[in-house]
Amino acid sequence: MPTVTHLQNGREGARDVAVWDPLVRLIHWSLALTILLNGAFTDDEGMVHQWVGYVALGLVGIRVVWALIGPRHARFAAFPPNPMRALRYLKAVRAGDRTVHLSHNPLGALMVYNLWLTVIAMGVTGYMMTTLRFFGIDWVKEAHELAFNWLMLSVALHVAGVAFDTWRSGVNLLRAMLLGRKRIPKGTSVE
């Protein structure tokens, strides 16, 4: 059962619910930092770029393990990848539904898996480019660049989705990913 605190300060009657543990938040922000570093600051052909990429791959690996053994809201069961559920969620949102999901909403869950798989694809193709067998092979470099472009589009959609869901639900998701708690407005349905 999530820890719920009825707030005395802040919004009247809001519930403060613990959702994302420190490891989930540390991995989230560290992965965002590795993407920023490799996307904007490191030399694509340098060792720093390679090692930052390996760190990103390691972070995803740790997060996947944590999704197997971590607390309730960190586990795969809290955000299963289900395209049909995501479509039903979109339909409900269009109809005005403001239900708050304690972990990720169904569309956000698909984005999580998309981001993880894209980082893995980038890590694998990046590593391949350092091997004798695949060094200088065009399709490997093109696959790496395609994965990077997909990642940038996905990150933009992720940020837009967070902003939209914050507006729609009244739950500040940026604050939740910083502090680990969702402040849910009074009278809001929770799933």
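Sequence order sets the numbering: in each chain, residues are counted from 1 along the sequence as written. Owing to the predicted nature of the model, reporting of local features is limited to residues with pLDDT of at least 70; listing and counting of side-chain atom pairs is limited to 80 or more, with chain, interface and lining totals taken over all residues. Just so you know, side-chain values use all the structure's heavy atoms and leave hydrogens and water out.

## Describing the overall build of the protein chain
Item 1. For the protein chain, the helix and strand inventory stands at six helices and three strands.
Item 2. Runs of H or I in DSSP of at least four residues are treated as helices and runs of E of at least two as strands, each being numbered from the N terminus. Across the protein chain, helices and strands are ordered from the amino to the carboxyl terminus as β-β-α-α-α-α-α-α-β.
Item 3. Taking the principal axes of the C-alpha coordinates as reference, the protein chain spans close to 60 × 30 × 30 Å.
Item 4. For every residue, the accessible area obtained with a 1.4 Å probe (protein chains only) is divided by the maximum for its type, and the residue is called buried under 20%, exposed over 50%, and partly exposed between those limits. The burial tally for the protein chain puts 37% of its 191 residues in the buried class.
Item 5. The protein chains shown are the only cover counted for residues, whose accessible areas, like all others here, come from Shrake-Rupley with a 1.4 Å probe. In the form shown here, the protein chain has an accessible surface area of approximately 11400 Å², with 68% of it arising from carbon and sulfur atoms.
Item 6. Placing the 19 positive and 12 negative side-chain charges of the protein chain at their respective mean positions leaves the two points 15 Å apart. Neither His nor the chain ends is counted toward charge; the positive residues are Lys and Arg and the negative residues Asp and Glu. Here the site of a charge means NZ on Lys, CZ on Arg, CG on Asp, or CD on Glu.

## As for the environment of Val-52
Item 1. Note on placement: Val-52 falls in helix α2 (residues 47-69).
Item 2. On the accessibility criterion, Val-52 (13% relative accessible area) is buried.
Item 3. Taking the C-alpha atoms as reference, Val-52 lies 9.9 Å from Gly-123; in sequence the two are 71 residues apart.

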